[in-house]
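# Fold and geometry: a report
The chain contents come next:
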Amino acid sequence: MNMRVPAAAPATPNGTTRPQVSIVIVGHVDHGKSTLVGRLLHETGSLPDGKLEMLQAVSARRGMPFEWSFLLDALQTERDQGITIDTTQIRFRTNAREVVLIDAPGHAEFLRNMITGASQADGAVLIIDALEGVRDQTRRHGYLLHLLGVKQVAVVVNKMDRVDFSEDRFDAIRTEISAHLQGLGVKPVAVIPISARDGDGVAALTSRIGWYDGPTVVEALDGLEPAKPLSSLPLRLPVQAIYKFDDRRIVAGRVEAGELRSGDEIVIMPAGKIAKIKTVEGWPQTPVTTAQGAGRSVGITLDRELFIERGDVIAHVGREPQAARRLHARIFWLHDQPLAKGDSILVRLGTREARGSVVAIEKAVDPGSLSNEENASIARNHVGEIEIALTQPVAVDPYTENARTGRLVIEVQGRIAGGGLVLSIAAGKRAAPVDIMPVESALQPQERADRYRHKGAVVWMTGLPGAGKSTLARALERRLFSRGGAPVLLDGDTVRAGLNKDLGFTPEDRAENIRRLAEVATHLARNGHIAIVAAVSPAREDRAAARRVAGDLFREIYVATAAEICESRDPKGHYAKARAGNLQNFTGIGTDYEPPLDAELVIDTATRGIADATDELESLLSKTGVLFDDIADLGANI
Amino acid sequence: MPRVLSAAPTMDHLDQLEAQSIYILREAFARLKKLALLWSLGKDSNVMIWLARKAFFGRVPFPAMHVDTAKKFPEMYAFRDTYAQEWGLDLRVEPCPPIDAVDPTLPPAARSAARKTEGLKMALAKHGFDGLIAGIRRDEEATRAKERVFSPRGAEGNWDVRDQPPEFWDHFNASPPQGAHLRIHPILHWTEADIWAYTARENIPIIPLYLSKNGKRYRSLGDQDITFPVASNASNIAEILAELESTKVPERAGRALDHETEDAFERLRVAGYL
């Protein structure tokens, strides 16, 4: 909660001449964070009249020495009487800055809260106890500040009174922490000897630290700069969504770098498609004629109907980001389960979500102890460098070229598990910008949905040969058609007879086979059909790639009939041929089928009748919003 | 004809707040399946609706839900009915259960407010929303200060403050467990003064109860029987802003439920209150 003492918020946010900076105070637990905050509030005149005297009197009456950290406790308990404070967010003013102090807990187990807090900060104060010196949490926080991109770091060496204001002790700590930070590429804006308890070095230099001639803490805060939008860098507009609320097709997103205006020639990455910005849309006034710079949330229309989707990045021609499938990143890890080589992960880069895997782990360390560990995995609260292989190309910049589009987070089981900086991008081939103009359908999805009483979908049936995929697919096709729908069957073998007849059964050809199936199925689904794909599709990664092509439209059905039963059925005689050695690369008798881990539905045709199984498929499609139960529901999700 | 290219105008404080809120609203709309915006009719949720209209170019593409205790001020109901229509909102008014259905161990005002939590749970069960957009702010109240922008709730609508996922670089945890939902807080980073300054800049309508009448005005609006006006002579937004500059009275001072016991509000929030 904010502290409102006196008048924390300016009368009008524009009316103040003080820039607002957000800071975190980080460091080892018990190195004096609360004491420094209490002292800062006092020194900047942010405490209500009489508050300090009152607390000092209370302490004296109880016969205990006054502690500055009492102030925080007292303000906290008295928040209802007019002073509202919580360590989560305190505001105060220095001569030149409006300071928002963000909480960042010092305890190691709260590292995810420290990261959540520190990631919002423009600058940081790293506090070190002069007696205890640099501790593991000091180093860990220093390392994380670097990974979080907090470049303005002031170091305070606190409790100088406990070391008799020894310049030698101060120099030793300064040397150690400066070396640590500089090893990370962080140059501290100042290293300041203080006694938060007595006030030395906080707002004024005292004779006890007469040997020091740098800035005070308050002066160091005065020098912090608010984060600046990256307006001077090349344009980066990650696409958040495409809106078709009316006859406009608006591409929405936030300008992360550079600026844009109508008429700009742009390229959509990673596909490299070229277009021109027709208008910049706004509300209540539209169109917007001024240029829109970094930090703005915008909406634009293009001069042609290209396929464009969430996660694409819009840039200016000739200054586009790279399209890459392999990234080298330095990350911190917060998940209980260590990150190991070979792990499947979900990577978020801006608005792009991409599946991938960890192909290498290097330099896994505990940033607290800095001891190198075995490099097979990165443990919780540790850092490391990893090589990521993505299953699709993404638009990305190295961190050194763009701090905002060069960072990523990693998600495990739907929860953010780590994050870090893109150090380099494997020299993949840069997609050459192509000037193509796909034409979109004249029909709105709603028009088709009104007629078919369903939305488009890709129902992807995977399983061993003989599992019953085609039988089930045909039954579902009939069922959907009977209720007035527009299903289309895409049988793997059938498609291989035509479109895919150039492909064999090597892993590469299988992947391409699946990609084409997925593209065709998705095209049908986008145009309102329910595409029912029946294909062995043995590789998990290929199916994941298909899911990415189809996105929300995808429903994976695992036809999980036992291998012995499939072989005993052998409808196409493939098992027999394979057993006789006459069929190379046949999935079924080998072990190369990778069963789905997260299929929307699992059906065992050995135990379920066709009608039953079809019921189940139909109910899945109803439950997931593909089939409409009655016409009145059509409006619900528009 | 050569185009005259002038640099993009710099963003002021309110521009930055607005852009961030729009980004959050669009992320919520992109990543959740069934959203609703909680409209309490107060100044904060009115700003939020305005921001949603900006984010989606004039149209709020999800329902605005008013969980109605039936004890609001008449001015609030009049405001709701006028602007639901004028702003083209898909308004859903959901009732709250009778007071007898609410935990009798809560102090009176908190118990009364807990009705709203129950009403909210009923509405969630009825509509199956997986995301609720709520206009809370960090600077309002201590437990709200600890909130995430995308805040997961348990299946019972409860909030586990000790096990919040990390959230950084505008990447949000948007996968609520089966049966649970997310609260989305697009104006978490705004202050009370920001809300008023923006309301004035954008000329957003407000309920007149916020302005001084006979030396008193409401700083925060809730149920009639548990909300009280504060002494104030501020009769327009400029005067409200001037008053905020010097006041030492917290915003929710007139909200009885915050003050009954030290932990009453926290208990409400853990149970799923806003």
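Residues numbered from 1 in each chain as written. Chains lettered and ligands numbered in written order. Predicted model: local features only at pLDDT ≥ 70, side-chain atom pairs only at ≥ 80, totals over all residues.

Attention now moves to the overall build of chain A. Looking only at helices and strands, chain A has 15 helices and 27 strands in total. The 638 residues of chain A split such that 47% are buried. Counted over contacts in chain A with a minimum sequence separation of 6, partners at least 24 positions apart contribute 73%. (Helix = DSSP H or I, 4+ residues; strand = E, 2+ residues; numbered from the N terminus. Buried ≥ 20, exposed ≤ 12 C-beta atoms within 10 Å, placed from the backbone. Contact = placed C-beta atoms within 7 Å.)

The subject of this paragraph is the overall build of chain B. Of the regular secondary structure elements, chain B holds eight helices and eight strands. Of all intrachain contacts in chain B linking residues separated by at least 6 positions in sequence, the fraction that spans at least 24 positions is 74%.

Take the sheet that holds strand S7 (residues 237–243) of chain A next. Residue and element names in this part refer to chain A. Pairing in this closed barrel of six strands is antiparallel, and the strands run S7-S8-S13-S11-S10-S14 around the ring. With direction set aside, neighbouring strand axes in the sheet form an average angle of 50°. In this sheet, strand S11 (residues 273–281) lies alongside strand S10 (residues 265–269) in antiparallel orientation, the contact comprising four bridges. Within the sheet, the bridge partner assigned to Val267 lies in S11 and is Ile274. (Pairing = 2+ DSSP bridges. Axes fitted to C-alpha atoms, helices over the stretch in contact; angles between N-to-C directions.)

Our focus in this paragraph is the environment of Leu597 of chain A. Residue and element names in this part refer to chain A. Position of Leu597 relative to the elements: it lies in the loop between helix H14 (574–579) and strand S27 (601–603). The class for Leu597 is exposed, based on 9 C-beta atoms found within 10 Å. Between the C-alpha atoms of Leu597 and Tyr558, which are 39 residues apart in sequence, the distance is 9.3 Å.

In a soluble, globular protein the nonpolar side chains are often hidden away together inside. Counting residues in hydrophobic clusters, the biggest one holds 182 residues, and the most contacted among them are Ile23, Ala118, Ala124, Val153, Val156 and Val157 of chain A together with Leu37 of chain B. Setting aside its immediate chain neighbours within four residues, Ala124 of chain A contacts Ile23, Val24, Val26, Ala118, Leu145, Val150 and Val153 of chain A. Counting 43 residues, the second largest nonpolar core, distinct from the first, contains Trp460, Leu490, Val495 and Val549 of chain A. (Core = buried A, V, L, I, M, F, W, Y, C linked by C-beta atoms within 7 Å.)

On to the sheet that holds strand S3 (residues 91–95) of chain B, then. Residue and element names in this part refer to chain B. Read from one edge to the other, the open sheet built from six strands follows the order S3-S2-S1-S4-S6-S5, with strand pairing classed as mixed. With one partner strand each, in any of the chains shown, S3 and strand S5 (150–152) form the two edges of the open sheet. Taking each pair of neighbouring strands and ignoring which way they run, the sheet shows an average axis angle of 30°. Sheet topology note: the strand S1 (residues 35–38)/strand S2 (residues 64–68) ladder contains two bridges and is parallel.

What follows covers the packing of helix H1 (residues 13–31) of chain B against helix H2 (residues 43–55) of chain B. Residues and elements named next belong to chain B. Between H1 and H2, the least distance of the axes is 9 Å, while the angle of their chain directions is 75°. As summarised for this structure, H1 and H2 are arranged roughly perpendicular, according to the angle between their axes. Between H1 and H2, the contacting residues are Glu18, Ser21, Ile22, Leu25 and Arg26 on the first element and Leu51, Ala52, Lys54 and Ala55 on the second. Of the residues that constitute the contact of H1 with H2, the class distribution is five nonpolar, one polar and three charged. (Parallel < 35°, antiparallel > 145°, perpendicular 65-115°, else oblique. Nonpolar A, V, L, I, M, F, W, Y, C, P; charged D, E, K, R; others polar.)

Relative to the helices and strands, Phe57 of chain B is located in the loop between H2 and S2. The spatial distance from the C-alpha of Phe57 of chain B to the C-alpha of His127 of chain B is 25 Å, given a sequence separation of 70 residues. In this view, Phe57 of chain B contacts Tyr243, Phe245, Ile250, Glu281, Trp283 and Gly299 of chain A; residues no more than four positions away in its chain are not counted.

All names here are of chain A. Among the eight residues of strand S1 (residues 20–27), seven are classified as buried, and the element is accordingly described as predominantly covered. Here five bridges tie S1 to strand S3 (residues 98–102), and the two strands are oriented parallel to one another. Paired with Gln20 across the two strands is Glu98, which belongs to S3. Across five bridges, the pairing between S1 and strand S4 (residues 123–129) is parallel. Bridge assignment links Val26 to a residue of S4, and that residue is Leu126.

Packed helix pairs are specified by the crossing angle of their axes together with the interaxial distance, meaning the distance between the axes. All names here are of chain A. Two numbers describe how helix H9 (residues 469–482) lies on helix H15 (residues 610–623): the axes approach to 9 Å, and their chain directions differ by 60°. With respect to the hand of their crossing, H9 and H15 are arranged in right-handed fashion. Taking contact as the criterion, the partners of Thr471, Leu472, Ala475, Leu476 and Arg479 in H9 are, on H15, Ile610, Ala613, Thr614, Leu617 and Glu618. Broken down by class, the residue content of the contact of H9 with H15 amounts to six nonpolar, two polar and two charged. (Left-handed = near helix turned anticlockwise from the far one by under 90°.)

Residues and elements named next belong to chain B. Averaged over every residue, the pLDDT of chain B is 87; the share at 70 or more is 90%. Confidence, expressed as mean pLDDT per element, reaches its minimum in chain B at helix H8 (residues 264–270) with 67 and its maximum at H2 with 97. As scored by the predictor, the complex reaches a pTM of 0.75 and an ipTM of 0.91. (pLDDT = per-residue confidence, 0-100.)

Structurally, the α-helix is built with 3.6 residues per turn, so residues lying three or four positions apart point the same way. Residues and elements named next belong to chain A. The end-to-end C-alpha separation of helix H6 (residues 167–183) is 24 Å, in line with the 24 Å expected for 17 residues at 1.5 Å each. Taken together, the buried positions of H6 are Phe170, Ile173, Ile177 and Leu181. The arc that holds every buried residue of H6, seen down its axis, measures 75°, which confines them to one face. For H6, the exposed residues lying more than 90 degrees away from the buried face are Asp168, Thr175, Ala179, Gln182 and Gly183. In this structure, the buried side of H6 is in contact with S4, helix H5 (136–148), strand S5 (152–158) and strand S6 (190–193). (Expected span 1.5 Å × (residues − 1). Arc of directions from axis to C-beta.)

Residue and element names in this part refer to chain A. The first and last C-alpha atoms of H15 sit 20 Å apart over 14 residues, in line with the 20 Å expected at 1.5 Å per residue. The complete set of buried residues in H15 reads Ala613, Thr614, Leu617 and Leu621. Looking down the long axis of H15, one finds its buried residues gathered within 100° of arc, a one-sided arrangement. Facing away from the buried side of H15 by more than 90 degrees, the exposed set consists of Ala611, Asp612, Ser619 and Lys623. Structurally, H15 contributes buried residues whose contacts are with strand S23 (457–462), H9, strand S26 (554–559) and S27. Backbone geometry just downstream of H15 places Gly625 in the positive-phi region, at approximately 80°.

Bringing unusual backbone geometry into the picture now. Omega for the bond connecting Met269 of chain A with Pro270 of chain A falls within 30 degrees of zero, at 10°, which places this linkage in the cis form. With omega at -5°, the peptide bond leading from Thr286 of chain A into Pro287 of chain A counts as cis. Structurally, Pro287 of chain A can be placed in the loop between S11 and strand S12 (292–293). In this model, Asn203 of chain B sits at a positive phi of 60°, which is unusual for a non-glycine residue. Relative to the helices and strands, Asn203 of chain B resides in the loop between helix H6 (192–202) and strand S7 (216–217).

Turning our attention to the confidence of the model for chain A. All names here are of chain A. Within chain A, residue pLDDT values average 85, and 88% of them lie at 70 or more. Here residues 78–87 is a poorly scored stretch, pLDDT under 50, and it has 31 contacts once near neighbours within four places are set aside; other chains count. Contacts of residues 631–638 to residues separated by more than four positions or lying in other chains number five contacts, the stretch itself having pLDDT below 50.

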